[in-house]
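Fold and contact review
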Number of protein chains: 2
Amino acid sequence: MSSKWSQLLKSSLEANASLPYSKYVQLATVKPDGRPANRTVVFRGFMQDDETSLTFVTDRRSRKVQEVHLSPYGEACWYLPVTREQFRLSGQLRIVGSDNNEEQWMAARRRAWAAMSSAGRSQFTWPTPGEPRANDEAFQAKASEEPESNFCLVVLSVDACDYVQLFENKREIFERGEDGLFSHQAVNP
Amino acid sequence: MSSKWSQLLKSSLEANASLPYSKYVQLATVKPDGRPANRTVVFRGFMQDDETSLTFVTDRRSRKVQEVHLSPYGEACWYLPVTREQFRLSGQLRIVGSDNNEEQWMAARRRAWAAMSSAGRSQFTWPTPGEPRANDEAFQAKASEEPESNFCLVVLSVDACDYVQLFENKREIFERGEDGLFSHQAVNP
């Protein structure tokens, strides 16, 4: 599946490719106490065969895994400096961990692991994130070839996109209808 | 009031000043339906005499004003590319509009308006954000010298800062105690 907003996003990522951090995006979720959480994540590409779903990775021990369990909604906010565009992408989040037995998701998690650098992989062997700082030796392990048990794929299935282009002050809203397809409308910025 | 994290943030902003968009930060709030919202805002400086409060501006007609009315919590997430640092700043949000009569906040709103460019000011005369796109003529008005009635100051009074520096994989958590001062602890990234 594709959509006009995902085509726009692909073009923007190409136009911003000179900046390695153009793949960094801020993902908001809601904490168990009802307050917002927000952190930078790295975009790991669209789901195979579904360009309306974005993928990220996370550690099973990170807070966002608990948060998504209680409130499975997210909004990713992307600012792309070269083209001065913002994408706000909201939808449902799915965490795919080592306990997932559905072939589609197991395969997607394996593909995401295969695409990770060895430095990226080794982070999943590190001591528990957020706990008091461990000694430097605790950060020396090398990850296995198979996905580490702490490694989770995160999938954002987008239901709405709010797109702004600042050079011309253009803004468009894309919304998924009951037929699964996106409508779009030009709105005031 | 100052704190170690606000000193870090000031140094980072200086070190990233070559990138005009280093003042862009993503601010998450919670919508009336309990789902997260996330958008890019421009950092407008610390509150005078309080470097633990950050200021932004917004339009009274934007959704975040309603959101903050129902759920006054926010988390700003900043990624600074030159120094590879992330600041996650959570706390309470206050919207200071034209109906605010408290001298401290009225003065802060006036100062924020005084610091706006004329292009920035004129946005507050534009047609209602998010409504179907108006004709180009609707975007031609010039703002008055006094703060436009749609102009609101947004103040994030920070209670916690989660700081990460990716070059050395350092992470520190700063939390405001009951005495109003911040404690800090090194934790695993």
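Please refer to the structure higher up on the page.
Residues numbered from 1 in each chain as written. Chains lettered and ligands numbered in written order. Predicted model: local features only at pLDDT ≥ 70, side-chain atom pairs only at ≥ 80, totals over all residues. Heavy atoms only, no water.

A word on the overall build of chain A. The helix and strand tally for chain A stands at four helices and nine strands. The helix and strand sequence of chain A, counted from the amino end, reads α-β-β-β-β-α-β-β-α-α-β-β-β. Over its C-alpha atoms, taken along the principal directions, chain A stretches across nearly 55 × 35 × 35 Å. By the burial criterion, 54% of the 189 residues in chain A qualify as buried. Of the contacts made within chain A by residues no fewer than 6 positions apart, 60% connect residues no fewer than 24 positions apart. Summing over all exposed atoms, chain A offers an accessible surface of approximately 9100 Å²; the carbon and sulfur share of this is 47%. Separation of charge centres in chain A, based on 23 positive and 25 negative side chains, amounts to 4 Å. (Helix = DSSP H or I, 4+ residues; strand = E, 2+ residues; numbered from the N terminus. Buried < 20%, exposed > 50% of the residue type's maximum accessible area, 1.4 Å probe, protein only. Contact = heavy atoms within 4.5 Å. Areas by Shrake-Rupley, 256 points an atom, 1.4 Å probe, with all protein chains shown as cover. Lys, Arg positive; Asp, Glu negative; His and termini not counted. Charge placed at Lys NZ, Arg CZ, Asp CG, Glu CD.)

Attention now moves to the interface of chain B and chain A. Taken together, the contact pairs 43 residues of chain B with 44 residues of chain A. At the boundary of chain B with chain A, total buried surface from both sides reaches about 3700 Å², with 52% on carbon and sulfur atoms. There are zero salt bridges connecting chain B and chain A. Seen at the junction of chain B and chain A, the total is 26 residue pairs in polar contact (both at pLDDT 80 or more). Those elements that place two or more of their residues in the side of chain B that touches chain A are β1 (24-30), β2 (36-42), β5 (73-80), β6 (85-96), β8 (170-176) and β9 (182-186) of chain B. Considering each element in turn, the side of chain B that touches chain A owes the most residues, six residues, to β1(B). Tallied by class, the residues present in the side of chain B that touches chain A amount to 21 nonpolar, 13 polar and nine charged. (Buried area = accessible area lost by both parts, 1.4 Å probe. Salt bridge = Lys/Arg side-chain N within 4 Å of Asp/Glu carboxyl O. Polar contact = N/O pair within 3.5 Å; in protein donor to acceptor, adjacent residues only side chain to side chain. Nonpolar A, V, L, I, M, F, W, Y, C, P; charged D, E, K, R; others polar.)

Right, let's talk about the relation of the copies chain B and chain A for a bit. With an RMSD of 0.0 Å, the fit of chain B onto chain A corresponds to turning through 180° and sliding 0.0 Å along the axis. Seen this way, the second copy is the image of the first under a two-fold rotation axis. The fraction of interface residues of chain B whose copies in chain A are also interface residues reaches 100%, indicating that both copies meet through the same surface. (Least-squares fit on C-alpha atoms with pLDDT ≥ 70 in both.)

This paragraph deals with helix α1 (residues 4-15) of chain A. Residue and element names in this part refer to chain A. Taking 1.5 Å of rise per residue, the twelve residues of α1 would be expected to cover 16 Å, and the 17 Å separating its terminal C-alpha atoms lies within 8% of that figure. When α1 is considered as a whole, its buried residues turn out to be W5, S6, L9, S12 and L13. Each buried residue of α1 sits inside an arc of 120° when the element is viewed along its axis, so together they form one side. (Expected span 1.5 Å × (residues − 1). Arc of directions from axis to C-beta.)

Quick look at the pairing of β8(B) now. All names here are of chain B. For strand β7 (residues 151-165) and β8, the ladder comprises six bridges, and the chain directions are antiparallel. Bridging from a neighbouring strand, C161 pairs with F174 of β8. What sits between β7 and β8 in their antiparallel hairpin is a turn of four residues, with N169 showing a positive phi close to 50°. In terms of strand pairing, β8 meets β9 through five bridges, oriented antiparallel. Looking across to β9, one finds that E172 is bridged to A186. Where β8 hands over to β9, the hairpin turn is made up of five residues, of which G180 adopts a positive phi near 85°. (Pairing = 2+ DSSP bridges.)

Below, the discussion takes up the pairing of strand β4 (residues 50-59) of chain A. In the case of a regular strand, side chains alternate between the two sheet surfaces. All names here are of chain A. Among the ten residues in β4, ten count as buried, and that is most of the element. Here strand β3 (residues 46-47) runs beside β4; their pairing, made up of two bridges, is antiparallel. Following the sheet pairing, M47 is matched in β4 by D50. Between β3 and β4, which pair antiparallel in sequence order, lie two residues; one of them, D49, sits at a positive phi of approximately 70°. With seven bridges connecting them, β4 and strand β7 (residues 151-165) associate as antiparallel partners. If you follow T58 over to β7, its bridge partner there is C152.

Residues and elements named next belong to chain B. As enumerated under the stated definition, the model contains 20 aromatic pairs over all chains in all. A centroid spacing of 5.0 Å and a plane angle of 50° characterise the contact between F87 and Y163, whose relative ring orientation is tilted. Placement of F87 in strand β6 and of Y163 in strand β7 is noted, with a sequence separation of 76 residues between them. When its relative accessible area of 4% is taken as the criterion, Y163 is described as buried. Between W113 and F124, the aromatic rings sit 6.1 Å apart at their centres with planes inclined by 65°, giving edge-to-face as the arrangement. With W113 in helix α3 (residues 103-114) and F124 in the loop between α4 (118-122) and β7, this pair connects stretches of sequence that are eleven residues apart. For the pair formed by W113 and F124, the shared burial category is buried. (Phe/Tyr/Trp six-rings, centres within 6.5 Å; stacked < 30°, edge-to-face > 60°.)

By definition, a disulfide links the sulfur atoms of two cysteines through a covalent bond. Enumeration according to the criterion identifies zero disulfides over all chains in this entry. Free cysteine: C152(A), not disulfide-bonded; nearest cysteine sulfur from C77(B) at 20 Å. Looking at C152(A), the relative accessible area reads 2%, which means it is buried. Among the cysteines around C161(B), which has no disulfide bond, C77(B) carries the closest sulfur, lying 10 Å off. (Disulfide = S-S within 2.5 Å.)

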